[in-house]
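# A look at the structure
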Amino acid sequence: MSSGGTGRAMNSSRGCISVVVAILCGVMATHFAWSQEDASSAHGQAKDRARIVISQPLSKLDGDHLKAILVEVNYGPGEASSPHSHPCAVIGYVVAGALRTQVEGQPEKIYKAGESFYEAPNGVHLVSANASSTEPAKLVAYLICDHDAPLSIDVAGSVHSKGSSR
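So, how was this worked out
Residues numbered from 1 in each chain as written. Predicted model: local features only at pLDDT ≥ 70, side-chain atom pairs only at ≥ 80, totals over all residues. Heavy atoms only, no water. Helix = DSSP H or I, 4+ residues; strand = E, 2+ residues; numbered from the N terminus. Buried < 20%, exposed > 50% of the residue type's maximum accessible area, 1.4 Å probe, protein only. Contact = heavy atoms within 4.5 Å. pLDDT = per-residue confidence, 0-100. Core = buried A, V, L, I, M, F, W, Y, C linked by side-chain atoms within 4.5 Å. Disulfide = S-S within 2.5 Å. 1 Å grid on protein atoms, 1.4 Å probe; cavity = no way out; pocket = protein on both sides within 12 Å on 5 of 7 lines; lining within 4 Å. Points joined across faces, edges and corners; volume = space filled by probe spheres on them. Nonpolar A, V, L, I, M, F, W, Y, C, P; charged D, E, K, R; others polar.

On to the overall build of the protein chain, then. Within the protein chain, the secondary structure is distributed over one helix and nine strands. Order of helices (α) and strands (β) in the protein chain, N terminus to C terminus: α-β-β-β-β-β-β-β-β-β. Relative to its full complement of 166 residues, the protein chain shows a buried share of 35%. Relative to all contacts within the protein chain whose residues are 6 or more apart in sequence, the contacts with residues 24 or more apart total 73%.

Turning our eyes to something else, we now look at the confidence of the model for the protein chain. With 66% of its residues at a pLDDT of 70 or more, the protein chain shows a mean pLDDT of 75. Mean pLDDT across the secondary structure elements of the protein chain bottoms out at helix α1 (residues 3–35), with 46, and peaks at strand β5 (residues 109–112), with 98. Counting contacts from residues 8–46, a segment whose pLDDT is below 50, to residues more than four positions away or on other chains yields 32 contacts. Across residues 160–166 the pLDDT falls below 50, and counting only partners more than four positions away or on other chains, this stretch makes 23 contacts in the model.

To continue, consider the nonpolar core. Ranked by size, the top nonpolar core spans 16 residues in total, and within it I69, V71, V94, L99, F117, L139 and L143 carry the most contacts. Put simply, the parts of the chain that give this core at least two residues each are β1 (67–75), β3 (89–96) and β8 (137–145). At five residues, the largest contribution of residues to this core is made by β8. Excluding anything up to four places from it in sequence, I69 contacts A141, Y142, L143, C145 and L151. If you look at the next biggest cluster of nonpolar residues, it comprises six residues, including L61, L66, V140 and Y142.

On to the state of the cysteines. Scanning the entire structure with this criterion turns up one disulfide. In this model, C88 is linked to C145 through a disulfide, with the two sulfur atoms separated by 2.2 Å. Linking C88 and C145, the disulfide has an S-S dihedral of approximately 115° and is accordingly described as right-handed. Placement of the pair is C88 in the loop between β2 (84–85) and β3 and C145 in strand β8, with a sequence separation of 57 residues. This pair shows no difference in class: C88 is buried, exactly as C145 is.

This paragraph deals with the layout of surface pockets. In this structure, the second largest pocket occupies an estimated 200 Å³ of space. Around the second largest pocket, the lining comprises 13 residues; the ones closest to its centre are V103, Q106, Y111, Y118 and E119. Breaking the lining of the second largest pocket down by element, the ones donating at least two residues are β4 (98–103), β5 and β6 (116–119). Tallied by class, residues from the lining of the second largest pocket come to six nonpolar, five polar and two charged.

Written out as structure tokens, the structure is:
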């Protein structure tokens, strides 16, 4: 392949990455702009309706095989997932309730509605659970993949359903 072809392929990869990042930013910004209610705007006071919730550099990705997946995860009161990992990078946003989580090597954390987090590929979730025994919790997970893989893998080795991020 000529150097011109290589340059075009590299530019195509960069372009794909830029498109995916732009789409994710647009989806997230639109979601937050629509979901915010601001009583002061009814009185004519202007307020920014969108905010950057998280900005995270991603590991090196193969730009020719990028795919973004948006998954809604619902935990009933007291529900939890078995230990697992995700082969792709994950950006999570808690929509409702509170999520208790721990990735191997990190302290356990509780994320409440409106909070977000980043998980590097292949981190082992020792804990992924609803923090409440009385209220449901909802999480939206954006998975950024550059290869075909199941969304979630049991740490024991069995694969979770391709449609489930839990």
